[in-house]
Amino acid sequence: MARPKIALIGAGQIGGTLAHLAALKELGDIVLFDIAEGTPEGKALDIAESGPAEGFDATLSGTQSYADIAGADVCIVTAGVARKPGMSRDDLLGINLKVMKSVGEGIAAHAPDAFVICITNPLDAMVWALREFSGLPHEKVCGMAGVLDSARFRHFLSLEFGVSMRDVSAFVLGGHGDTMVPLARYSTVGGIPLPDLVDMGWTTQDKLDAIIQRTRDGGAEIVGLLKTGSAFYAPATSAIEMAEAYLKDQKRVLPCAAYVDGALGLNGFYVGVPTVIGAGGIEKVIDIKMNKDEQSMFDKSVDAVKGLVKACKEIDPSLA
Ligand code: A3D
């Protein structure tokens, strides 16, 4: 049986890290696509040359032609630009929307059966636009954000409690941005929900609130430290976890930006929700029950994403 084919659209910081991780994990053969001539070819060759020492079996190649992603099983999209000083949100939206158009058309023409994971920001609006431009089934197009946001929450909680990150599970919903909704009630240490841990005196509500805020600001914290560019190791790891769940039909329960039609009071909308990822793509959106406070945070987050989608439709009337 041939190895699966993984197309990475965008060979920047995250794209290169995705290629390295996919090779190390032997998830399949890897094609890096980027408009920057030489970048995908150079990264592919560099990673391939680590193969003898690592002992992986995978071919890596770089390209500027969508024809080379033909038949890809998974496409992970990081193509686009990041916000630069002086650039408004709408400027960024306009530029990355055009990128999503070319990527969506490229995937539709050459890899229409792929499971597509979008990482390009602003995430929830870009995954919606990518789905619209590609015309792929909704369950085959999703966005990576919740796995990363939850991983950040889990990391900070493990530091607070002094326990292994493996024993901390966390739940983050909503859009990827300031309005994301880390749900303490559904987050646990060794199965014990966070509010119970506060009652037990293992931490305080103030400390928990500070951790939740640090999670919301997780991306900005890294940008502030790096000064140029944004996080790429953990974002790449998170998308690889989703790709692996699809390729190995793992039925993983992972939060991601998925098309929600009927669950959580939403009709036909992309936002961060708990899902099951397996060979069918997004096989299920888990319709959790929220209390009044959680629902109002979630509604606020949904409204923020709706604002971005509206702005996309104004920029490109073909999407309206
Ligand atoms: P970067 O290193 O700039 O890579 C982006 C790549 O896209 C560059 O190599 C560009 O040449 C390439 N590119 C630009 N236009 C096109 C095009 N039309 N077709 C193909 N390739 C193109 O960025 P990065 O890898 O650090 O980040 C990529 C994206 O992920 C950005 O939009 C970030 O904001 C976003 N991001 C999202 C998260 C989430 O959790 C959702 C986290 C971190 C970064």
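Residues numbered from 1 in each chain as written. Predicted model: local features only at pLDDT ≥ 70, side-chain atom pairs only at ≥ 80, totals over all residues. Heavy atoms only, no water.

A.B. asks: Looking at this structure, I do not really get the overall build of the protein. What am I missing?
C.D. replies: Helices and strands together make up the secondary structure of the protein, namely eleven helices and 14 strands. Computed over C-alpha atoms, the radius of gyration of the protein comes to 19 Å, within 12% of the 20 Å expected from 2.2 N^0.38 for 320 residues, which places it in the range of a compact globule. Structurally, the protein occupies a C-alpha span of about 55 × 50 × 40 Å along its principal axes. In the protein, 67% of the contacts between residues at least 6 apart in sequence involve partners at least 24 apart. A total accessible area of about 14,400 Å² is found for the protein, and carbon and sulfur atoms account for 54% of it. Once the 29 positive and 40 negative side-chain charges of the protein are each reduced to a mean point, those two points are 3 Å apart. (Helix = DSSP H or I, 4+ residues; strand = E, 2+ residues; numbered from the N terminus. Rg over C-alpha atoms; globule rule 2.2 N^0.38 Å. Contact = heavy atoms within 4.5 Å. Areas by Shrake-Rupley, 256 points an atom, 1.4 Å probe, with all protein chains shown as cover. Lys, Arg positive; Asp, Glu negative; His and termini not counted. Charge placed at Lys NZ, Arg CZ, Asp CG, Glu CD.)

A.B. asks: Would you mind showing me how to read the environment of Ala279 here?
C.D. replies: Within the fold, Ala279 resides in the loop between β13 (267-278) and β14 (281-285). What makes Ala279 partly exposed here is its relative accessible area of 42%. Spatially, the C-alpha atoms of Ala279 and Thr179 are 31 Å apart, while their sequence positions differ by 100 residues. (Buried < 20%, exposed > 50% of the residue type's maximum accessible area, 1.4 Å probe, protein only.)

A.B. asks: Help me out: how do you make sense of the sheet that holds strand β7 (residues 168-169) in this one?
C.D. replies: The strands making up a sheet associate through backbone hydrogen bonding, with each pair oriented either parallel or antiparallel. The sheet built from three strands is open, its strands ordered β7-β10-β11 with antiparallel pairing. The two strands at the open ends of the sheet, each matched to only one other strand, are β7 and β11 (192-193). Bridge count between strand β10 (residues 188-189) and β11: two bridges; the pairing is antiparallel. If you follow Val189 over to β11, its bridge partner there is Ile192. (Pairing = 2+ DSSP bridges.)

A.B. asks: I tried to follow the packing of aromatic side chains on my own but got confused; where do I start?
C.D. replies: For any pair of aromatic rings, the description consists of the separation of the ring centres together with the inter-plane angle of the planes. This structure, assessed with the given rule, holds six aromatic pairs. Measuring from ring centre to ring centre gives 4.6 Å for Phe115 and Tyr246, while their planes differ by 20°; the resulting arrangement is stacked. With Phe115 in strand β5 (residues 115-118) and Tyr246 in helix α10 (residues 233-247), this residue pair connects regions lying 131 residues apart in the sequence. As far as burial versus exposure is concerned, Phe115 and Tyr246 are alike and both buried. For the ring pair Phe232 and Tyr233, a centre distance of 4.5 Å and an interplane angle of 35° mean the geometry is tilted. Among the residues examined, Phe232 registers a relative accessible area of 16% and is labelled buried. The aromatic ring of Phe269 is capped on one face by Lys306, whose charged end is 5.6 Å from the ring centroid. (Phe/Tyr/Trp six-rings, centres within 6.5 Å; stacked < 30°, edge-to-face > 60°. Lys NZ or Arg CZ within 6 Å of the ring centre and 35° of its normal.)

A.B. asks: Any chance you could explain the site of the ligand here in plain terms?
C.D. replies: The environment of the ligand is formed by 23 residues, the closest being Gln13, Ile14, Asp34, Ile119 and Asn121. The contact in question runs from an oxygen atom of the ligand to an N or O atom on the backbone of Gly80, over 3.3 Å. Between Asn121 and the ligand, the recorded distance is 3.0 Å, taken from a side-chain N or O atom to an oxygen atom. Contact with the protein chains hides 84% of the accessible area of the ligand, taken as 870 Å² for the molecule alone. (Near = heavy atom within 4 Å. Polar contact = N/O pair within 3.5 Å; in protein donor to acceptor, adjacent residues only side chain to side chain.)

A.B. asks: Would you take a moment to explain the packing of helix α1 (residues 13-24) against α10 for this structure?
C.D. replies: When two helices pack together, their arrangement is captured by the angle between the axes and the distance separating the axes. Running from N to C, α1 and α10 point in directions that differ by 50°, and their axes come no closer than 9 Å. What the angle tells us is that α1 and α10 run oblique. The handedness of the crossing between α1 and α10 comes out as right-handed. Contact residues: Ile14, Thr17, Leu18, Leu21 and Ala22 in α1; Tyr233, Pro235, Ala236, Thr237, Ala239 and Ile240 in α10. Of the residues assigned to the contact of α1 with α10, the class counts are nine nonpolar, two polar and no charged. (Axes fitted to C-alpha atoms, helices over the stretch in contact; angles between N-to-C directions. Parallel < 35°, antiparallel > 145°, perpendicular 65-115°, else oblique. Left-handed = near helix turned anticlockwise from the far one by under 90°. Nonpolar A, V, L, I, M, F, W, Y, C, P; charged D, E, K, R; others polar.)

A.B. asks: What exactly am I supposed to notice about the environment of Gly71 here?
C.D. replies: On the secondary structure map, Gly71 appears in the loop between β3 (60-63) and β4 (74-77). Gly71 sits 40 residues away from Ala111 along the chain, and the two C-alpha atoms are 4.9 Å apart. Aside from chain neighbours lying at most four places away, what touches Gly71 is Lys5, His110 and Ala111.

On their own, these measurements won't tell you what the molecule is for.
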